[in-house]
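Chain residues, written in single-letter form:
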Amino acid sequence: MIKTIYILNGPNLNLLGTREPEIYGAATLGDIETSCLQKCKAAGYDLSFHQSNIEGEIVDQIQEAGHKGAAVLINAAAYTHTSVAIYDALKTLKPLGIPVIEVHISQPASRETFRLKSFVAPVATGSISGFGTNSYLLAIDAAIDSLS
Ligand code: DQA
């Protein structure tokens, strides 16, 4: 059976392409999905790609990944820095053997101090930040490496 990699995106990432391009670049979320799909397919994985501005919907997607996913990549965006609910949901994936990769386009540690706190990092297998939209492709490599 083909394994599915879940890529979950949090608030305001639907605005990529026009949102602060000096920080996040010119690529849209659709562009990112296309390149992630190509990479997953080439490696023999299915992709389930989501974005939501709503915290509870992201929790629902994490729970779905717990039933149907092999690995989870998550750019929780601003919820990275605030969400105990996302922390709790991601924590349920570890006993299921599902690797979690934290992804950021920018390098939050080099920005405002409120971005230093991550509720995702303590429940992630690892984190990839600061490589622009290439962070997603590097995270797919990391997820596949964790699965093999
Ligand atoms: C982000 C970094 C977060 O601090 C910010 O709130 C985002 C995007 C990134 O991908 O660089 O919305 O997750």
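A brief look at the structure comes next. Owing to the predicted nature of the structure, the values given are computational and were not obtained by experimental measurement.

**Digging into the overall build of the protein**
For the protein, the count of helices and strands is five helices and five strands. On C-alpha atoms alone, the protein measures out to a radius of gyration of 14 Å, which is about the 15 Å that the 2.2 N^0.38 rule sets for 148 residues. Each principal axis of the C-alpha distribution contributes one length, and for the protein these read about 40 × 30 × 25 Å. Of all 148 residues assigned to the protein, the portion counted as buried reaches 45%. Of all intrachain contacts in the protein linking residues separated by at least 6 positions in sequence, the fraction that spans at least 24 positions is 77%. Accessible surface for the protein amounts to roughly 7,200 Å². Of this, 54% is attributable to carbon and sulfur atoms. In the protein, the 10 positive side-chain charges and the 14 negative ones have mean positions that sit 6 Å from each other.

**A closer look at the pattern of salt bridges**
Scanning all chains against the criterion turns up five salt bridges. Among the ionic pairs, Lys 41 bridges to Asp 46, the shortest N-O distance being 2.8 Å. When its relative accessible area of 48% is taken as the criterion, Lys 41 is described as partly exposed. When salt bridges that share partners are traced, they join Arg 111, Glu 112 and Arg 115 into one network.

So, how was this worked out
Residues numbered from 1 in each chain as written. Predicted model: local features only at pLDDT ≥ 70, side-chain atom pairs only at ≥ 80, totals over all residues. Heavy atoms only, no water. Helix = DSSP H or I, 4+ residues; strand = E, 2+ residues; numbered from the N terminus. Rg over C-alpha atoms; globule rule 2.2 N^0.38 Å. Buried < 20%, exposed > 50% of the residue type's maximum accessible area, 1.4 Å probe, protein only. Contact = heavy atoms within 4.5 Å. Areas by Shrake-Rupley, 256 points an atom, 1.4 Å probe, with all protein chains shown as cover. Lys, Arg positive; Asp, Glu negative; His and termini not counted. Charge placed at Lys NZ, Arg CZ, Asp CG, Glu CD. Salt bridge = Lys/Arg side-chain N within 4 Å of Asp/Glu carboxyl O.

So far we have only geometry, and geometry alone does not tell us how the molecule works.
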